[in-house]
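Structural features, examined
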Amino acid sequence: MLNWLSNLFLAFARKLLYMLVHTTVLPEDLKQLQLDPDKPVCYVLQTRFLSSLLVMEAETRKAGLPRAMKPMLSPHLRENRSVFFLTRSDNPSALQRNRFAYSPRFIRLVEAVRANPQLDVQLVPVTILWGRSPDKESSIFKILFADSWATPGMLKQFITILLHGRQTYVKFSPPVSVRGIVEENLSEEITLRKLARVLRVHFRRQREMAMGPDLSHRRTLVKSLLKATPVQQAITDEVADKKITREKATERAHQYADEIAADYSYPVIRIFDIVLTWLWTRLYDGVDVHHFDDVRDAAHAHEIVYVPCHRSHIDYLLLSYVLLHRGLMTPHIAAGANLNMPVVGSLLRRAGAFFLRRSFKGNFLYAAVFNEYLHLITAKGYPMEYFIEGGRSRTGRLLSPRTGMLAMTLRSYLRDHKRPIVFIPAYIGYEKLMEGQTYVGELSGKAKKKESIWGVISTVRRIKKTFGKVQLSFGEPIYLENLLDAEFEAWRETPVPEDGKTPWISSTINKLAQQINTNINSAAAVNPVNLLSLVLLSTPKHAMDEEGLAKQIDLYRRLLTAVPYSDRIELTELHGQEIIAYGEQLKILRRIRHPLGDMICLDDEQALQLTYFRNNVLHLFTLPSLIACLMQQSGELHRAQVVQLVRNIYPFIQSELFLPWCNESVEKVILQWLDALAESGLLIARSSEQMICPSPNSEAYAELSVLAQGVQQNLERYYMTVSLLSQQGSGRITKKRLEDLCHLLAQRLSILHEFSAPEYSDKSLFRNFVETLINTGQVQTDDKDCLRFDHRLINIAGESRLILDAETRQTIQQITRVTDAEIEAALTEKDSKGKRKEKPAA
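Residues numbered from 1 in each chain as written. Predicted model: local features only at pLDDT ≥ 70, side-chain atom pairs only at ≥ 80, totals over all residues. Heavy atoms only, no water.

A look at a nonpolar patch on the surface
- There is a patch of nonpolar side chains on the surface, built from Leu16, Met19 and Leu20 and spanning about 300 Å² of accessible area.
- Given a relative accessible area of 35%, leucine 20 falls into the partly exposed group. (Patch = residues over 30% accessible without salt bridge, like charges linked within 9 Å, V, L, I, M, F, W, Y side chains within 5 Å. Areas by Shrake-Rupley, 256 points an atom, 1.4 Å probe, with all protein chains shown as cover. Salt bridge = Lys/Arg side-chain N within 4 Å of Asp/Glu carboxyl O. Buried < 20%, exposed > 50% of the residue type's maximum accessible area, 1.4 Å probe, protein only.)

This is the structure in structure tokens:
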């Protein structure tokens, strides 16, 4: 009778509670728990609240799982409920029992498993957070009562349910086997203690994943930072070097710490969520997220360092927003000191941003303070986010990595590697950029504008525009411990010098940086704007008839499917005609009506901006484009010839675009592309080993020509650099002088001969090519930093006839014929202009 009344009361209370409660349950598919139907299941809740018990009972009923409020019955086990609480009471007084005393049901379960070798019990930890799913929050008052690290009292719990019940987060975790612990043959007390510790650590980790570790007050953290041995030593050095008092040096260190440190605030994070929810609905048509399961899996036992590509200021906000909405802690974000503006900087700091200067050069005290701050947040387990490109890409390509933050993270880990670190690369793809016009202007030579509050206000004014969809795709995780083991097996036992500079550390940092960029590109999400830009920018006037454009887009979609770049590549589901309609909807295409069929074209300004979106995914089509280029110029080639010619050029393409294959393994991929191009009709297999082009008057040849244009500008830049270096002669020009001259000549070439991509004159691309020439041994530097070469470089120039047509080669040769006097005058003028730009206004 009593049991019947209890069940009746619980049923009534559950219905009453669910008038206020709406839940988000993870995992979405509870089959992922892989519960064994032949073993009893017992759920574990962290804190004793009736509301939590009712929610869990309701969710197990909905999901068809073993019910929490039903008995556990087996030949060796009889319990009237299938749940217990790990913590027995909340905020106990001196008269109450120990809140960490074991639940009687917990004790009986362990005793039963110890007594019966055939019995096992599956303990399923269930985390319930109130206010952790912020889809519809709109009241700042509500945020103040959201779930936090403090254990709530009954009154606060009641208010929390009233305010946040409709945003309740419920996480079922994989089962813990009691038998697995019992078989360690420990005493009953130690078995109980170990199981309880496993569960407590699990609950704490789940809360850390969702809310972050328990935050120290910022003042406490700064004081701890200043007391650290490396900072104290840096203060001592500052006193000796700058001839100042210790008090003055300490004050300076304190100022640096205040300048750097985040001031994380959960209420501010929730306020940002409200604002961003409003912003996304006005800016974007949605955010598609891919491969998030890998992030959630890694978060269980690792500190996460998010390393996304950097394309827009929106990147900072987007990643944090997605993580918050999927139940993970938002990261501490490394932000440039240029963003530490009045008002904006303070808000970003409270949202988790910590600020760093562009250069630490010559300021050893600042470097010591920053390094120690990074070590503190790493050791405490806060997730972090930083952009290894250093700044936003103006071309759409990934920039060469800057390894400073990676080096500091690695040194911190070597100093204390109790908590494993995983790097999560992330690809972010837009269909329109708020900064698009700004980027084109900067590449055309305009000075970069300094960030200011007025710039933020002018950006906000654009929110009425439509910017399409955003793609966020997570790349393959990189586990730092595994990378270190592969690079230097004895790293755990080897002392690290104070400056952290040893060959194996430097090698690990460089490999890590390259792997991050490679994994970002391997997680690309191809959107409709990417495909439109790839095709239309490969035509002479950036125009095609509608039918031909739709066919070429569908061809590219088939090619991506035929030879997958990686298993993480995402491809739009829209087909050619649908993509054209979508481009018109975004107002990036112009339709010209004609009786023989409509034509689709780009305006000049749109064409310049769309180079950015072409470059986002150019790496996916580089190999087939290079093969198409070779075949178009030669007409007929043996498969082995194609492989050899592509491999000759591949190191330069790989270095620029972070392709995933080494020079040996790329042969298999080249052969796969030859087969795919033949199957698509773009090439013809005359025999098993001989490949020929289709007839020049055929539709297939026209499609092959468009495909070949994708890599054309890369090859033109390479040929111009080699041609200029050859004409100057071995040992007659320095690396920097060659880069500067290539930059100037590229600008001239784009104006005189319509080589019109804005990134054509991007100086960093020439720098990367010269460095690859040096790394591959085809060019050497002498003690004066002059470049020396032999016949191998001449052979590279000679092979250009196989990839570039005669007119292009002649144009480049003509423009690179410059005298020493012309070079000197041009570089002098360039240097003087640069100095005038740097001079501050009166």
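Examining the side chain of threonine 330
- Summarising the element assignment, threonine 330 is placed in the loop between α13 (314–325) and β11 (332–336).
- Exposure remark for threonine 330: the relative accessible area of 4% places this residue in the buried category.
- Filtering out sequence-adjacent residues up to four positions away, threonine 330 remains in contact with Tyr264, Ile269, Ser320, Leu324 and Pro383. (Helix = DSSP H or I, 4+ residues; strand = E, 2+ residues; numbered from the N terminus. Contact = heavy atoms within 4.5 Å.)

Some remarks on the pairing of strand β12 (residues 353–356)
- Side chains Ala353 and Phe355 of β12 all project onto a buried face; the interleaved residues Phe354 and Leu356 project onto the opposite face, where all are buried too.
- As paired strands, β11 and β12 are joined by four bridges and run parallel to one another. Within the sheet, the bridge partner assigned to isoleucine 333 lies in β12 and is alanine 353.
- Tracing the backbone out of β11, into helix α14 (residues 344–350) and back to the parallel element β12 gives a crossover that is right-handed. (Pairing = 2+ DSSP bridges. Right-handed = clockwise from strand over helix to strand, strands pointing away.)

Details of the packing of aromatic side chains
- The final tally for this structure, using the stated rule, is 23 aromatic pairs.
- Aromatic side chains tyrosine 284 and tyrosine 430 sit 6.4 Å apart centroid to centroid with 35° between the ring planes, which places their arrangement in the tilted category. Highlighted residues: tyrosine 284 in the loop between α11 (266–283) and β9 (287–290) and tyrosine 430 in strand β14 (residues 421–430), separated in sequence by 146 residues. The burial state of tyrosine 284 is the same as that of tyrosine 430; both residues are buried.
- Taking 5.2 Å as the distance between ring centres and 85° as the angle between the ring planes, the aromatic pair formed by tyrosine 316 and phenylalanine 387 counts as edge-to-face. Separated by 71 residues along the polypeptide, tyrosine 316 in helix α13 and phenylalanine 387 in the loop between β13 (384–385) and α16 (404–415) bring together distant segments of the chain.
- Linked through ring pairs, Tyr256, Phe354, Phe360, Tyr366, Phe370 and Tyr373 together constitute an aromatic cluster.
- The side chain of arginine 326 reaches across the aromatic face of phenylalanine 292, ending 5.9 Å from its centre.
- The ring of tyrosine 366 carries the charged tip of arginine 357 above its face, separated from the ring centre by 4.5 Å. (Phe/Tyr/Trp six-rings, centres within 6.5 Å; stacked < 30°, edge-to-face > 60°. Lys NZ or Arg CZ within 6 Å of the ring centre and 35° of its normal.)

Thoughts on the nonpolar core
- Ranked by size, the top nonpolar core spans 193 residues in total, and within it Phe354, Tyr386, Phe423 and Ile627 carry the most contacts.
- With sequence-adjacent residues up to four places away left out, tyrosine 386 is seen in contact with Val305, Tyr306, Val307, Pro308, Ala334, Met405, Leu406, Thr409 and Phe423. (Core = buried A, V, L, I, M, F, W, Y, C linked by side-chain atoms within 4.5 Å.)

Structural notes on the sheet that holds strand β22 (residues 636–638)
- Strand order in this open sheet of three strands is β22-β24-β23, and the pairing throughout is antiparallel. Two strands in the sheet have a free side with no partner beyond their single neighbour: β22 and β23 (684–685).
- Judged from the three bridges that link them, β22 and strand β24 (residues 690–692) form a sheet pairing that is antiparallel. In the strand pairing of β24, glutamate 636 is matched with isoleucine 692.
- With respect to the sheet, helix α26 (residues 639–657) is in contact with β22 and β24, its orientation differing from that of β22 by roughly 90°. (Axes fitted to C-alpha atoms, helices over the stretch in contact; angles between N-to-C directions.)

Looking at helix α10 (residues 246–260)
- Helix length check: α10 (15 residues) gives 21 Å between terminal C-alpha atoms against 21 Å at 1.5 Å per residue, within 8%.
- For α10, the set of buried residues is Ala249, Ala253, Tyr256, Ala257 and Ile260. The arc that holds every buried residue of α10, seen down its axis, measures 100°, which confines them to one face.
- Among the structural elements, α8 (218–227), α9 (229–242), α14, β12 and α15 (364–380) are those in contact with the buried residues of α10. (Expected span 1.5 Å × (residues − 1). Arc of directions from axis to C-beta.)

Some remarks on the sheet that holds strand β18 (residues 543–545)
- Pairing in this open sheet of three strands is antiparallel, and the strands run β18-β21-β20 from one edge to the other. The open sheet is flanked by β18 and β20 (590–592), the only strands paired with a single partner. Taking each pair of neighbouring strands and ignoring which way they run, the sheet shows an average axis angle of 25°.
- When β18 meets strand β21 (residues 599–601), the two strands line up antiparallel, connected through three bridges. Note that in β21 the partner of alanine 543 across the bridge is cysteine 601.
- Contacting β18, β20 and β21, helix α22 (residues 546–562) crosses the sheet at an angle of about 100° to β18.

Points about the confidence of the model for the protein chain
- Of all residues in the protein chain, 86% attain a pLDDT of 70 or more, and the chain-wide mean is 84.
- Predicted confidence for residues 132–145 stays below pLDDT 50, and this span has 43 contacts to residues more than four positions away or in other chains.
- Residue range residues 836–842 is modelled with pLDDT below 50. Its contacts to residues more than four positions away, or to other chains, number one contact. (pLDDT = per-residue confidence, 0-100.)

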